[in-house]
Amino acid sequence: IHVGEVQNLYKSSKVSKNSQSALLTLDLHGCTRQDALIKLDESLVVWIDAAMQGSYPFVQPVMIVCGCGSQILSETVHTWIRSNNKVSNAPKVQLSRRRIM
């Protein structure tokens, strides 16, 4: 996800290289839906602060790890993202696959 200045959230190409090196991660493995929401809300304050202390465009990339399981956490995170105007989905990163012979 991207967290930060609302007017710059969807300008994903403008996330500075410096913020990429300080990628923040939240691991929600083993959390209940309620625990995950509490952790997300608590972390959001820290992430926004990190974005505002950074450089223009004041957007911080964050990785949220949900695991696979029943997708309850994944759906919870998706709903949480949509309910927070200072959070957006980051563009999907295309992973390159090596050819194995």
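Please read these numbers as outputs of a predicted model, since none were measured by experiment. (Residues numbered from 1 in each chain as written. Predicted model: local features only at pLDDT ≥ 70, side-chain atom pairs only at ≥ 80, totals over all residues. Heavy atoms only, no water.)

Caption draft 1: Highlighting the overall build of the chain. From N to C terminus, the chain includes three helices and four strands. When the helices and strands of the chain are placed in sequence order, the string is β-α-β-α-β-α-β. Within the chain, the fraction of its 101 residues that count as buried is 34%. At a minimum sequence separation of 6, the contacts of the chain that also span at least 24 residues come to 77%. (Helix = DSSP H or I, 4+ residues; strand = E, 2+ residues; numbered from the N terminus. Buried < 20%, exposed > 50% of the residue type's maximum accessible area, 1.4 Å probe, protein only. Contact = heavy atoms within 4.5 Å.)

Caption draft 2: Fine view of the sheet that holds strand 4 (residues 87-88). Read across the sheet, four strands follow the order 2-3-1-4 without closing on themselves; strand pairing throughout is mixed. In this open sheet, the two edge strands, each paired with only one partner strand, are strand 2 (24-27) and strand 4. Bridge analysis of strand 1 (residues 2-4) against strand 4 gives two bridges, and the strand direction is antiparallel. Each bridged residue has a counterpart across the sheet, and for H2 the counterpart in strand 4 is S88. (Pairing = 2+ DSSP bridges.)

Caption draft 3: Local environment of the confidence of the model for the chain. Summary statistics for the chain give a mean pLDDT of 82 and a share of 79% for residues scoring 70 or more. Summarising per-element confidence for the chain, the mean pLDDT is lowest in helix 1 (residues 17-21) (49) and highest in helix 2 (residues 33-53) (95). (pLDDT = per-residue confidence, 0-100.)

Caption draft 4: View of the nonpolar core. One finds I1, V3, L28, L40, W47, I64 and W80 to be the most contacted residues of the largest nonpolar core, which totals 18 residues. For this core, the secondary structure elements donating two or more residues are helix 2, strand 3 (59-65) and helix 3 (72-83). (Core = buried A, V, L, I, M, F, W, Y, C linked by side-chain atoms within 4.5 Å.)

Caption draft 5: Region of interest: unusual backbone geometry. Going from Y56 to P57, the amide bond is cis rather than trans, its omega being 20 degrees. Looking at where P57 falls in the secondary structure, it is placed in the loop between helix 2 and strand 3. Backbone geometry places F58, a non-glycine residue, at a positive phi of 60 degrees. If you trace the backbone, F58 turns up in the loop between helix 2 and strand 3. Here Q71, not a glycine, exhibits a phi torsion of approximately 70 degrees, which is positive. The residue Q71 is located in the loop between strand 3 and helix 3 in this model.

Caption draft 6: Inspection of the pairing of strand 3 at higher detail. Taken across its seven residues, strand 3 has five buried, putting it largely inside the fold. Pairing between strand 1 and strand 3: three bridges, direction antiparallel. Within the sheet, the bridge partner assigned to G4 lies in strand 3 and is V59. As paired elements, strand 2 and strand 3 share four bridges and run parallel to each other. Each residue of the ladder has a partner; that of L24, found in strand 3, is V62. In the classification by handedness, the crossover that spans strand 2, the intervening helix 2 and the parallel strand 3 is right-handed. (Right-handed = clockwise from strand over helix to strand, strands pointing away.)

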